[in-house]
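Reading the structure
If you want the building blocks of each chain, they are given just below.
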Amino acid sequence: MLYQTQKLKDNPCVYFVDYSQLELTVDFRIRLFEEWKANGQDAGSIAGMLSENGFDDDTVGAKYPQILSKNFESNGFPVADRFQRSADGYEEKNPLILSGAFEYSSNGNGNGITLSAEMRHRLLEGYPAHTAEEILMDAGLDLTDVGKIRMGRIEKEARQREQEKLKESMMVMPVDTSGMDENELRLKKVRDNPYVFRAEFRGSNIKPEMTQRFYEEAYLLLPLGIDRIMKIYGIDPDFISRTTLNAISSKILGYDPARAVPGRKPGPSPQVLKTGFARADAMHRLIEIQFVELGKPFNGLKINQKRRICRWIDSLPRDPQGYYTKEKILDLMRIKRSTYYEILENENYGMSEQRLADQDELDFEVIQRVIEYKGFEKGIRQIYMLMPRITYSHMSMNRIRRIMRRYGLRTTIRRPHGHRKGAREMVRKNKKANLLLQKFRLHRPNEVRLTDVTYLDYGNGQRAYGSCSVDPVSGMLIAFVVSEKNDLQMALDTLDEMDRHPAVKGAILHSDYAEEKTMPKFMISPLH
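Residues numbered from 1 in each chain as written. Predicted model: local features only at pLDDT ≥ 70, side-chain atom pairs only at ≥ 80, totals over all residues. Heavy atoms only, no water.

**Observations concerning unusual backbone geometry**
In this structure, the amide linkage connecting Tyr127 to the following residue, Pro128, adopts the cis form with an omega of 5°. Counting through the fold element by element, Pro128 comes out in the loop between α8 (117-126) and α9 (132-138). Unusually for a residue other than glycine, Gln41 sits at a positive phi of about 60°. Among the secondary structure elements, Gln41 is positioned in the loop between α2 (26-38) and α3 (43-52). In this structure Gln41 comes out as partly exposed when scored by relative accessible area, which is 36%. A positive phi is found at Arg334, a non-glycine position, where the angle reads about 55°. Along the chain, Arg334 falls in the loop between α18 (326-332) and α19 (337-345). (Helix = DSSP H or I, 4+ residues; strand = E, 2+ residues; numbered from the N terminus. Buried < 20%, exposed > 50% of the residue type's maximum accessible area, 1.4 Å probe, protein only.)

Next up, the structure:
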């Protein structure tokens, strides 16, 4: 967004402005926030105050009130940066700081706030019996002042701490396995699993009967495959027959959570907790995989399809745990944030590309009509000349060529040149590996020779070619041969000239893949 900087610099409510950035003073932002909060978080109240204080659509744009409204909703009560706080006469007005529940960050740039040590201890002790929102509200804080982004970070911190406490409390009790053979140990491990109702041997494999709780949870993980699911629940699929695994997979596929009868739920054993963590991690990975797959074709879609996807992302409900934020979803789908917001806010975004694509389809139909005229083969030049007479329309040869290439139309009027095709095949067969890899300075003098050809036009349409060889380490010109033809003989003459300054044994000759330098006669010439 571009601003009229000179007009805004004279406004006392502006703290800083340049052509692309506008920052209001903290006092004015607080006034705007309080007005916005008092009027039910309506952006119209912001627009009224901006207008009263000398801001109009010409200077800040018509969407600026909505931008401020979203900023207030996300970030809560405005926070003064460290430079504003250090100014003479600054008075603290942030209710989060005044409550003692928050304090200014001591790390980074010092422009943010974080929970105080006392409030963090209170939050972690009360969670998860009470949500982070309930704990903050009990402390007398208004969640509007806290802001959605800060609230999501607090909730995430409390959740992570709770998971760490659960992991620390896990204890595996020792089991007396004396006197058991290997098969009995395997069977006991499966029977002791809280998600197995009963298990027995069938031949050389174990056949487990899974609990209702297993199917209540596992149906969400079915895309991972039955082997991965069994491992998540602590059961080795190698000890179970494929028939049994397929039967369990089919039962998971047919599970309907809406009509299921709640079954016996296992207690909070260490295995249940461990499985819960593994299941949560697997579900997170599965969700992320789905977002990645959904985003892969995004760049190749038409603008209307891109807009539907962006609107779908915008309509997704907020993750109460604050893990799948909109920014994380965009990162997973490889969609640029600027592109996402531009598509949502600018109805004309990408329409020029769409109009060009529509026009190309119409032009393609015109070209097809000309190609099909009387059924004989036509080249691009014939299509160009016949088009006005057949279709009463006209387009350039470059446009005809581009559209034919885009839609895969081919013409055989100009056939491939046999000599060029043979030369390309010879280059392909005799092409050598690039041993130098641009590391010219990692060698000693006379260990590397570079060679290339240049040309100079002179006289009446005449051209002279110069073939040279250089030692890249010392910069010495080893050979220079002039000829009227850039052919094999000139390349061989260059090799003869290079013999006047011998290279060491095993030296490297580095050149381009010119036709004459891939001929057999040149390839077998030794570099002395």
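**Notes on the pairing of strand β6 (residues 205-210)**
Only one face of β6 is buried: it carries Ile206, Pro208 and Met210, and the other face, with Asn205, Lys207 and Glu209, is open. For strand β5 (residues 196-202) and β6, the ladder comprises six bridges, and the chain directions are antiparallel. By the bridge assignment, Val196 is partnered in β6 with Met210. The turn linking β5 back onto β6 is made up of two residues, and Gly203 within it adopts a positive phi angle of 70°. (Pairing = 2+ DSSP bridges.)

**Examining the pattern of salt bridges**
Here the idea is simple: oppositely charged side chains can pair when their charged atoms come close. Summed over the entire model, instances satisfying the criterion amount to 23 salt bridges. A salt bridge links Asp360 to Arg406; the shortest N-O distance between them is 2.6 Å. Here the residue Asp360 occupies a position in helix α20 (residues 351-372), and Arg406 occupies one in helix α22 (residues 397-406), the gap between them amounting to 46 residues. Taking the relative accessible area as the measure of exposure, Asp360 reaches 1% and is therefore buried. Here Arg449 and Asp471 are joined by a salt bridge, their closest N and O atoms 3.2 Å apart. On the criterion of sequence distance, the pair formed by Arg449 in strand β7 (residues 448-458) and Asp471 in the loop between β8 (462-470) and β9 (477-483) is long-range, its members being 22 residues apart. Arg449 gets classed as buried once you look at its relative accessible area, which sits at 1%. Classification of Asp471 by relative accessible area gives buried; the value is 1%. A single network of salt bridges, built from pairs that share partners, joins Asp360, Asp363, Arg399, Arg402 and Arg406. (Salt bridge = Lys/Arg side-chain N within 4 Å of Asp/Glu carboxyl O.)

**Section: the confidence of the model for the protein chain**
The pLDDT averaged across the protein chain works out to 82; a share of 87% of its residues lies at or above 70. In the model, residues 259-268 has pLDDT below 50 throughout and makes 18 contacts with residues more than four positions away in sequence or in other chains. (pLDDT = per-residue confidence, 0-100. Contact = heavy atoms within 4.5 Å.)

**Overview of the packing of aromatic side chains**
All told, the structure shown has 13 aromatic pairs when counted by the stated rule. With a centroid separation of 5.0 Å and 70° between ring planes, the pair formed by Phe214 and Tyr233 is classed as edge-to-face. Note that Phe214 is positioned in helix α13 (residues 212-218) and Tyr233 in the loop between α14 (226-232) and α15 (242-253), a separation of 19 residues in sequence. Taken individually, Phe214 and Tyr233 each receive the classification buried, so the pair is uniform in this respect. Aromatic side chains Phe291 and Tyr324 sit 6.3 Å apart centroid to centroid with 45° between the ring planes, which places their arrangement in the tilted category. A residue pair is termed long-range when its members are at least 10 positions apart, and Phe291 in helix α16 (residues 270-295) and Tyr324 in the loop between α17 (303-315) and α18 qualify at 33 residues. Assessed through its relative accessible area of 11%, Phe291 is described here as buried. (Phe/Tyr/Trp six-rings, centres within 6.5 Å; stacked < 30°, edge-to-face > 60°.)

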